[in-house]
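Coordinate analysis (summary)
Residues per chain are reported as follows:
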Amino acid sequence: MSSASHYSPTPEETAISRLLRAYREHQGLTAAVLAESIGVTPATYRRIEQGERPVSLLQLQQICRVLSIELDDLADGAKRLTPERSPKLRSPRGSACHANAPCTQQSD
């Protein structure tokens, strides 16, 4: 009997999970409705949004289609939420990053 592997998301995956939830909630969809739209159980979809389960590229494409967003926009949003991974953003001193909101840069 093999033990289940423990999934540990990267900062980008965590940012994508947070964005998926924000986009879904903004559109007034429940996790159950979105899950059904992409062919997974509500529990599986909730685990994706909570960063407890990886999401495949196919699932991301399906989610983006349901939410009427572009995959590129989702990736760009994830970059903004992970400033340490993006060379285009300043250090945290020049930006304001909060747990529940995208990072914003202060102007010079």
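Residues numbered from 1 in each chain as written. Predicted model: local features only at pLDDT ≥ 70, side-chain atom pairs only at ≥ 80, totals over all residues. Heavy atoms only, no water.

Not every positive phi belongs to a glycine, and Ser68 is a case in point at roughly 55°. One can find Ser68 in the loop between helix H4 (57-67) and helix H5 (71-81). Accessibility expressed as a relative area gives 65% for Ser68, which makes it exposed. (Helix = DSSP H or I, 4+ residues; strand = E, 2+ residues; numbered from the N terminus. Buried < 20%, exposed > 50% of the residue type's maximum accessible area, 1.4 Å probe, protein only.)

Before going further, it helps to spend a moment on the pattern of salt bridges. Scanning all chains against the criterion turns up 3 salt bridges. Measuring nitrogen to oxygen at the nearest pair gives 2.8 Å for the salt bridge that ties Arg21 to Glu25. With a gap of 4 residues between them, Arg21 and Glu25 both fall in helix H1 (residues 11-26), about one helical turn apart. Of the charged contacts, one joins Glu25 and Arg24 as a salt bridge, the two residues approaching to 4.0 Å between their closest N and O atoms. (Salt bridge = Lys/Arg side-chain N within 4 Å of Asp/Glu carboxyl O.)

Formed by 19 residues in total, the largest nonpolar core has its most connected members in Ile16, Leu20, Leu34, Ile38, Tyr45, Ile63 and Leu74. Residues in contact with Ile38, not counting those within four places in the same chain, are Tyr45, Gln62, Ile63 and Val66. (Core = buried A, V, L, I, M, F, W, Y, C linked by side-chain atoms within 4.5 Å. Contact = heavy atoms within 4.5 Å.)

Counting all residues, the mean pLDDT for the chain is 78, and 70% of those residues have values of 70 or more. Within the model, pLDDT remains below 50 along residues 85-108, and this stretch shows 32 contacts once partners closer than five positions in the same chain are excluded. (pLDDT = per-residue confidence, 0-100.)

This next bit is on the packing of helix H2 (residues 31-38) against helix H3 (residues 42-49). Interaxial distance between H2 and H3 falls to 8 Å at its minimum, and their mutual angle equals 105°. Taken together, the axis directions place H2 and H3 in an arrangement best described as roughly perpendicular. Across the interface between the two elements, Ala31, Ala32, Leu34, Ala35 and Ile38 of H2 pack against Pro42, Tyr45 and Arg46 of H3. Across the contact of H2 with H3, the residue classes break down as 7 nonpolar, no polar and 1 charged. (Axes fitted to C-alpha atoms, helices over the stretch in contact; angles between N-to-C directions. Parallel < 35°, antiparallel > 145°, perpendicular 65-115°, else oblique. Nonpolar A, V, L, I, M, F, W, Y, C, P; charged D, E, K, R; others polar.)

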